[in-house]
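As a plain string of letters, each chain reads:
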Amino acid sequence: MFKRFLLSAALLPVVCTGAVPLGNFSTAAPWVVNDSEKRNQSLTPHSLPGTGEKGLKLAWDGYAFPYAELHLRKPLPLPADFRQGSVSLRLRLPARAPVRSVSLRLVDATGEIFQYQLRTLPPAEAKTLTVDYPVNLAESKNSSWGGNNDKKFDLPVALKGFSIDFERESGAGEALFLGVEAAAKTPAASAADSIRLEIETGNPVHVLTPEKADQLRLSLRNTGSVRFRGEAEAVFEDFFGRTFSEKLPSIDLAAGEVMTCPIRKQLPASGHWDVRLRLRTGDGEVTKKRSFASFKPAGPTPGRAEGFLWGISSHPQLHPAQVQKLEALAAALVGAKVVREDVYWHRVQPARGQWDFRSFDQTAAIFAEQGIELQAILCYCAPWAARDPGAKRPDKAEPEPEAWKTFCREMAKRYRGKVRFWEVWNEPDVTPFSGISSASYAKMMLNAYNAVKAGNPDARVLTGGFATLANHPMLREPGYQENALKLGKGGYDIHAYHEHGDYPHFVRMVEERFLPMRKRAGVTEPWWANETALTSSGGNEKPQALALCKKLIYAWSRGAIGYNWYDLRNDGDDPNHGEHNYGMLTRDFYPKPVYTVYNTLTTLFGGKEFVRQFDGGEGEWLFLFRDGGEMALAAWSENGGLLPVIVRTDAVSAEAVDLMNNSRPVEIHDGRILLEIGSVPVTLRLKGATRAEFAGNPVRLESADIALPGKTYRFAAKLTNPLDEPAEFALEFRAPAGFRPEKTQRRITVPAGKTVELACELRADETLRPAFGVPVSLTADYRLSGDTVKGSIAMPVRVAQVVPQGATAGRAPDFTLAHRRQVRELFTGDPSRGHLLWKGPRDLSGRVSLGTEGANLLLLVHVTDNIHCQPERGANTWMGDNVQFALELPGRKDAWEFGLTRLADGSPEVWCWNAPEGFAPASAARGIALATSRKGTETVYRAKIPFETLGLTPELLKKGFRFNLLINDNDGGGRQGWISIAPGIGERKDPSQFPFVIFD
């Protein structure tokens, strides 16, 4: 049952049956725009064209400030009986308004402000929107500040106002506020959603330590207004998907009561645990979710950081002291020794000659209590110190040199003995954080270096953490980082570099751009990966955890002296918002898997030094570390299956440790160890070892073949005998679904130290169909000479897509693009563009069909895209919404790559970026007939491609060729990413990764 209440700016009484009489937006008098003059913002009455409806127009300058705050001078109380429901805002936005989000702000009796943020996609045309904010005053709210800051509503609660975020440097913009109303929901009696689940571990950051293993409890609180009766079962799931459950006592909770349930069963393993509480009543079942971690903490540890620098980036000064203390505890428990934090010049020195160190003093002291030192960022420009008084963004402007030097010197002097590491600005190479050229920044860095050294000769000065070497649209200028390093030589002790994103992206950037750039620039100073991570938005908590391990170990192996994960806690509560989900913990201090992985890494590798990377096979990553008592080998494979490796060592004993720090003993046979590795890293601890060597793979499965329905699939088993005598290999091959025979057994004797290649084959079923992005694996169980060496190995099998000849209509698509694994996002590391991250198939997806018509190849693409934006023409159409497709034909040198585009005026355009040798790109583009249409959120591309244009023949259709396609996405703020059938067409051109297509 809902009761609706109208809320307004004018507070004019209106009689309305069943509603509290309030009013509408008709005058600006009750409202104020915070810092409107400084931010170049205004609020004026305005009438809606056509209807005459009155509202308030908020206008802004995106160059001056990235958000606006619209507050009531006197907060408007919510209705007395409002406890749960929604608050809805009506506003009108112009076409393609650069609005990122609109947030509701409520204020409680103590003055604590609560914010509800919802993303608002810019409409393709001027539109009146209704933004609904679910509100439950009985639940805690993490996004709050001020008052008693207890994250709980103290009645009465009132409407404070709204904030609106917009694109940085987006220029003039406006929004028309029309009305706001509240809809109160009367909760149903015995509603299970009134039960709040908390996990008690004896620890405020929800870590269950060994000495408190018996203190695990589930706390159930009835936050509703009626009694709850029901049954409950708790299901526990660890990082690897293993589960157990425990039935809880029957629940009978009056309103406000709390029930605590001790968990009787002992956890079978350490690490990250997700808990799903299933509440059952006569009305059905409701599931509550929480998490906790179970491990032996690596910290806190005394003394300052030594050796490899284990760091975390965070923003503790944005929170009150009690929250900072929890953050310091959370960081210390997992062994962090350095926390990267901004100084905020305007806060330390609000005016020339005025100093206020209280905030930074407090934060430095809180973290020092936990044995953590701050890595301080000297930023951003105090508005009064901007070199250009008329700068549109004075906080990101170049500072006046003398003021800048004074600020740097005084900070280093005051915190001598407390802060060693001083970073000169944050990400000076990208526009969200800097309006400074590389030449000007180099001078700033030299000035800062001399000033810091004058204040503390023992200090270490870092370059600003450069954001990226990718072709990012928000780079201030090409070659910014290299130019700043060259011009600023002598102005830094440490080179700081970020590069957010997944592990493959990080490796490409470091190998192909970062290390060569350092060499060209003559940089010999060490480097620090001092802010790099991966968001877990969209449910990607496990990939996030894997990224930490792989990126940290790899960076260390490439000379990094430290690694800072960004961020300690999530910045928000939207599970699909990229910037909200970088944390190792949630906003309310519940751990994510990455938190446990950090603890495992500091436990295993803290105090060690990197020795070498072994030269394994393709896709094998093997990194050796050591300290005085042992060696440790971090290992994983990027080949998509299990892979055995042999390690020779003089270790006394050995154990394999997983990412959750669970260990199992590993046998040593004649100084040899067999270790199976996969995509999830494992660490081989070699106790008492003084040497360790990679001795190869006893079994490798390889194939250059493509599996075709009804055809033979050929592969090879390469067998290497690591023993000093002949060994018999016994193998049993287990075929994936759709192949025969299901099992095949082979035996062969291999001489000592030799490799033998065994030719093998399977036959694919006639009905075999691929699912691109879903692994299909062939597995082999193996044994050498009895049971001395045994295990399993898996190899991905690539399956061809069979396409029927003829028309594309009336049948299922050949390819579907709708999965996160097919998405590549360009802004995962850009806080200002987190709202542009993929939000699911309704945001961007596609259906692709191939066919034939006479001597023509047909291509039909249905694209679902909430906003169609194509500001470009010709070669640059990939920067807007369009389709790219590529083909590699047998016998041709190089591949085709085309673009299909619906231009801004609705006309079609074909572009050819690449053609095989002997073909003219422009001529090929002219030979393709393209028609496009758009209705609602769907754009359709229909292309007819003559065989002769591509050099295609009916025989080649049957023989097969490689084909791939991606859909570019631009919602008005630049190219934000793409979704592709398979890898190899987006960032890097690699036709070997394209799907193989044959026409039947």
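Residue numbers restart at each chain and count upward from 1, following the sequence in its written direction. It should be noted that, the model being predicted, local features are given only for residues of pLDDT at least 70 and side-chain atom pairs only at 80 or more, the latter also being counted only at that level, while totals for whole chains, interfaces and linings use all residues. As a convention, hydrogens and water are excluded, and side-chain values are obtained from all of the structure's heavy atoms.

Per an unreviewed UniProt entry, the protein carries the name Carbohydrate binding protein with CBM9 domain and comes from Victivallis vadensis.

### Quick word on the overall build of the protein
Put simply, the rule is: Working definition: helices are DSSP H or I runs of at least four residues, strands are E runs of at least two. Numbering for both runs from the N terminus. The buried label goes to any residue with under 20% of its type's maximum accessible area, the exposed label to any with over 50%, and the partly exposed label to all in between, with areas taken from a 1.4 Å probe on protein chains only. Pairs of residues are marked as contacts when any of their non-hydrogen atoms sit within 4.5 Å. To measure how exposed things are, a 1.4 Å probe is used in the Shrake-Rupley method; for residues, cover is taken only from the protein chains shown. Counted as positive: Lys and Arg. Counted as negative: Asp and Glu. His and the chain ends are not counted at all. Every charge is mapped onto a representative atom, which is NZ of Lys, CZ of Arg, CG of Asp or CD of Glu.
A tally of regular secondary structure across the protein gives 13 helices and 59 strands. With the C-alpha coordinates aligned to their principal axes, the bounding extent of the protein is approximately 90 × 75 × 70 Å. Counting every position in the protein, which comprises 1000 residues, the buried fraction comes to 57%. Pairs at least 24 apart in sequence give 71% of the contacts found in the protein among residues at least 6 apart. Accessible surface for the protein amounts to roughly 39,800 Å². Of this, 50% is attributable to carbon and sulfur atoms. Considering the protein, the positive charge centre built from 122 side chains and the negative charge centre built from 116 side chains are found 1 Å apart.

### Thoughts on the packing of aromatic side chains
What counts here: Stacked, tilted and edge-to-face are the three classes applied to pairs of Phe, Tyr and Trp rings, where Trp contributes its six-membered ring and a pair requires centres within 6.5 Å; stacked means planes under 30 degrees apart, edge-to-face means over 60, and tilted covers the rest. Ring-over charges, as used throughout, are those where CZ of Arg or NZ of Lys falls within 6 Å of the ring centre and within 35 degrees of the ring normal.
Within this structure, the stated rule accounts for 50 aromatic pairs. With 5.2 Å between their ring centres and 80 degrees between their planes, Phe421 and Trp528 make a pair best called edge-to-face. Note that Phe421 is positioned in strand E25 (residues 421-424) and Trp528 in strand E28 (residues 527-529), a separation of 107 residues in sequence. Taking the relative accessible area as the measure of exposure, Phe421 reaches 2% and is therefore buried. Each ring, one from Phe715 and one from Phe733, has its centre 5.4 Å from the other, and the planes form 75 degrees; the classification is edge-to-face. Here Phe733 lies in strand E41 (residues 727-734) and Phe715 lies in strand E40 (residues 712-720), a separation of 18 residues in the sequence. Both residues of the pair, Phe715 and Phe733, count as buried. The ring of Tyr380 is capped by Lys396, whose NZ or CZ atom sits 4.6 Å from the centre of that ring. The ring of Tyr415 has Arg414 sitting right over it, with the charged end atom 6.0 Å from the ring centre.

### Details of unusual backbone geometry
Backbone torsion omega between Leu155 and Pro156 reads 0 degrees, so that peptide bond is classified as cis. You can see Pro156 is positioned in the loop between strand E10 (144-145) and strand E11 (158-166). Although it is not a glycine, His206 sits at a positive phi angle of roughly 60 degrees. Along the chain, the position of His206 falls in the loop between strand E13 (195-200) and strand E14 (207-208). Its relative accessible area of 9% is what places His206 among the buried residues. The backbone of Glu427 shows a phi angle near 45 degrees, a positive value even though the residue is not glycine. Tracing the backbone shows Glu427 in the loop between E25 and helix H6 (438-455). Take Glu427: its relative accessible area is 4%, and that puts it in the buried class.

### Let's talk about the sheet that holds E41
To keep it simple, the criterion reads: Note on pairing: DSSP must find at least two bridges between two strands before they are called paired. Between N-to-C directions, angles span 0 to 180 degrees; the directions come from axes that are lines fitted to C-alpha atoms, helices contributing only their stretch in contact.
Taken together, 4 strands build an open sheet; the order of strands is E43-E41-E45-E46 and the sheet is antiparallel. Two strands lie at the open edges of the sheet, namely strand E43 (743-750) and strand E46 (789-796), each paired on one side alone. In this sheet, adjacent strand axes meet at a mean angle of 20 degrees when their direction is disregarded. Across 8 bridges, E41 lies against E43 in antiparallel orientation. Directly across from Glu728, in E43, lies its bridge partner Thr749.

### Regarding the domain arrangement of the protein
The accessible area lost on association of the parts is a frequent measure of interface size. Using the following cut-off: Annotation comment: domain bounds sourced from an automatic or database domain assignment. Joining two parts hides part of their accessible area as seen by a 1.4 Å probe, and the buried area is that hidden amount summed over both.
Split into domains, the protein comes out as domain 1 (20-184), domain 2 (191-294), domain 3 (309-605), domain 4 (609-695), domain 5 (699-799) and domain 6 (802-999). For domain 5 versus domain 6, the separation of C-alpha centres amounts to 35 Å. Taken together, the contacts link 7 residues of domain 5 with 11 residues of domain 6. For the domain 5 and domain 6 pair, buried surface summed over both sides reaches about 800 Å², with 62% attributable to carbon and sulfur atoms.

### Overview of the sheet that holds strand E33 (residues 643-649)
Within a beta sheet, neighbouring strands are joined by backbone hydrogen bonds and run either parallel or antiparallel to one another. Within the open sheet, the 3 strands sit side by side as E36-E33-E38. Their pairing is antiparallel. With partners counted over all chains shown, the strands left at the sheet margins are strand E36 (672-677) and strand E38 (692-694), one partner each. Across the sheet, the axes of successive neighbouring strands diverge by a mean angle of 35 degrees, strand direction being ignored. Relative to E38, E33 runs antiparallel, the two sharing 3 bridges. Paired with Thr649 across the bridge in E38 is Ala692.

### Looking at the pattern of salt bridges
Operational definition: Note on definitions: salt bridges are taken to be side-chain nitrogens of Lys or Arg within 4 Å of carboxyl oxygens of Asp or Glu.
Under the criterion given, the structure shown has 54 salt bridges. In this structure, the salt-bridge partner of Arg278 is Glu233, at a minimum N-O distance of 3.8 Å. Placement of the pair is Arg278 in strand E20 (residues 271-281) and Glu233 in strand E16 (residues 228-238), with a sequence separation of 45 residues. Through salt bridges with shared partners, a single network forms among Lys608, Asp627, Glu630, Glu655, Arg685 and Lys687.

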